[in-house]
Amino acid sequence: MAENQTVAVIGGGLAGLATALALGSAGYPVTVYEARPFLGGRATSYAVNDITIDNCQHILLRCCTNLQDFYKRLDVAQQIHFYKEFYWIEPGGRMSVMKRGMLPAPLHFTGSFAKLRFLSPCDKLSVASGLLAVKYEYGKRADLDEITMADWLREKKQTPRAIERFWRQVLVSAINEELDKMAAAHGLQVLYLGFLANADNYEMGVPRVPLGELYTADAWKHYETVKFEYRTPVERLVVENGRVTGPMKADSYVLAVPFERVSGLAPELQLDLSAFEHSPITGIHLWFDRSITDLPHATLLDRTIQWMYNKQDGKHLQLVVSASRSLTEMARADVIEMALKELAEFFPNVKQAKLERAHVVKEVRATYSAVPGLEKRRPLQRTTISNLFLAGDWTKTGWPATMEGAVRSGYLAAEALSGQKFLVRDAE
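Presented here is a report on the structure given in the accompanying data block. (Residues numbered from 1 in each chain as written. Predicted model: local features only at pLDDT ≥ 70, side-chain atom pairs only at ≥ 80, totals over all residues. Heavy atoms only, no water.)

**Observations concerning helix H10 (residues 332–346)**
In this model H10 runs 22 Å from its N-terminal to its C-terminal C-alpha over 15 residues, within 8% of the 21 Å that 1.5 Å per residue would give. For H10, the elements touching its buried residues are strand E7 (86–89), strand E14 (278–288), strand E15 (297–300), strand E17 (316–322), helix H9 (325–328) and strand E18 (355–368). (Helix = DSSP H or I, 4+ residues; strand = E, 2+ residues; numbered from the N terminus. Expected span 1.5 Å × (residues − 1). Contact = heavy atoms within 4.5 Å.)

Put into structure tokens, the structure is as follows:
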């Protein structure tokens, strides 16, 4: 019976929390061991002086069915606000809005797409033909994990402006990798599920509260069999006769840690993770003495900064740069100077405003790099050790390294352990 099978989950990031939530909902006694004094892993928040900020802006789309299920189970889904408009801004401030219209999917963007001003008619025809190819090739073409997204776009004869202003803007932010390093399979998946499958799949969900508030003790009150041990790092699992026996006592164990920690915790698994590399994300928080914009968010074209999120009344903005290798070694002051200079090209109020404070977050190990050929190297959640399971966005989930992928991995680990079904199907 589930109530007699204890489970130890090592790691309190989204993958570990999803594992605990799924098993806890089925009555399993679960203890989550987290090295830090808070939950969430790379999707969390922390205090900077008197203000709580997220380590990076994390968003989801309506197509993230398992992440939404995770939030519903924790009764925090109401803390996610979904936006139906995407704002694209060019240097100089000219803005275009992309949103669904009256037509059914996959034609729901036809009206607003025709009015986009940052693409020429030739560019729009290029993008339209590319999206048509996505619809017919996603899930059917066998070589998509062996070529890059840049290869695929060249094959489809996409115009340079369409590549830079549409494809790159969407995909680098979604997958946290450049087009010439990103496996085409992941690019087509994002485009199909997010833009083509359902008319509302593209809607962008942004948490109304700091990420850490989504995982508080109050959110777990309905799962009495799930316990948390904070400030409890685990350095090495004890494996005897093909089973984990410690250091904590449990019937089954789930390793929900980043890929770089697995070999140290359980070398007996003998996993070859040498092909995995990291891709960084940089978040830049800026606080001004006046409102810079009333837009809730915007994607910024042709510059280093890719996204702007309005955190509070236009006075606190968070800027995001995905696949931010060029910023990793840049001095904090230089990153802030670059951000202010670029931001002023889109929002003139920056020039009159006083910067009151700034904070730069470089998440060097934000995600794994979704390069071609890596998909077949991602391990399953069940391992060669009978009572040890894996969870993490780097395991085989069918999704790239996203919050959705992390939750999927936790649900899949819970399925492998319990034999029960938790995974929610994609919104197609």
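**Observations regarding the nonpolar core**
Residues Phe70, Met149, Trp152, Tyr215, Trp220 and Leu255 are the most contacted members of the largest nonpolar core, which totals 123 residues. At nine residues, the largest contribution of residues to this core is made by helix H11 (residues 403–418). The contacts of Tyr215, once residues within four sequence positions are left out, are Leu14, Leu17, Leu39, Gly40, Ala43, Phe70 and Trp220. By size, the runner-up hydrophobic cluster in this structure holds 27 residues, among which are Val350, Ala353, Ala358 and Val360. (Core = buried A, V, L, I, M, F, W, Y, C linked by side-chain atoms within 4.5 Å. Buried < 20%, exposed > 50% of the residue type's maximum accessible area, 1.4 Å probe, protein only.)

**Points about the sheet that holds strand E2 (residues 30–33)**
Strand order in the open sheet formed by five strands is E10-E2-E1-E13-E19, with parallel pairing between adjacent strands. The strands lining the two open edges of the sheet, one partner per strand, are strand E10 (226–229) and strand E19 (388–390). Within this sheet the neighbouring strands show an average axis-to-axis angle of 20 degrees, counted without direction. Pairing analysis gives four bridges linking strand E1 (residues 7–10) to E2, with the strands arranged parallel. Residue pairing for E2: Val7 is matched across the bridge by Val30. Running over the sheet, helix H1 (residues 14–25) touches E1, E2, E10 and strand E13 (252–255) and is turned about 170 degrees from E2. (Pairing = 2+ DSSP bridges. Axes fitted to C-alpha atoms, helices over the stretch in contact; angles between N-to-C directions.)

**What about the packing of aromatic side chains?**
Scanning the entire structure with this criterion turns up 18 aromatic pairs. A centroid spacing of 6.0 Å and a plane angle of 15 degrees characterise the contact between Trp88 and Phe166, whose relative ring orientation is stacked. Placement of Trp88 in strand E7 and of Phe166 in helix H6 (residues 160–175) is noted, with a sequence separation of 78 residues between them. Assigned by exposure class, Trp88 and Phe166 land together as buried. Measuring from ring centre to ring centre gives 6.3 Å for Phe276 and Trp394, while their planes differ by 90 degrees; the resulting arrangement is edge-to-face. Taken together, the residues Phe276 in the loop between helix H8 (259–265) and E14 and Trp394 in the loop between E19 and H11 connect sequence positions 118 residues apart. (Phe/Tyr/Trp six-rings, centres within 6.5 Å; stacked < 30°, edge-to-face > 60°.)

**Re the sheet that holds strand E5 (residues 60–61)**
Pairing between the strands of a sheet is mediated by backbone hydrogen bonds and can be parallel or antiparallel. The three strands lie next to each other as E5-E9-E6, forming an open sheet whose pairing is antiparallel. The open sheet terminates on both sides in strands that have one partner only, identified here as E5 and strand E6 (80–83). Of the strand pairs in this sheet, E5 and strand E9 (residues 204–207) are connected by two bridges, and their pairing is antiparallel. Of the residues in E9, the one forming a bridge with Leu61 is Met204.

**Digging into the pairing of strand E8 (residues 95–98)**
Along a regular strand, successive side chains alternate from one face of the sheet to the other. With burial as the criterion, only one face of E8 is covered, namely that bearing Ser96 and Met98; the residues Met95 and Val97 on the opposite face remain uncovered. Here E7 pairs with E8 via four bridges, running antiparallel. Its bridge partner lying in E8, Trp88 is registered against Ser96. The turn linking E7 back onto E8 is made up of five residues, and Gly92 within it adopts a positive phi angle of 105 degrees.

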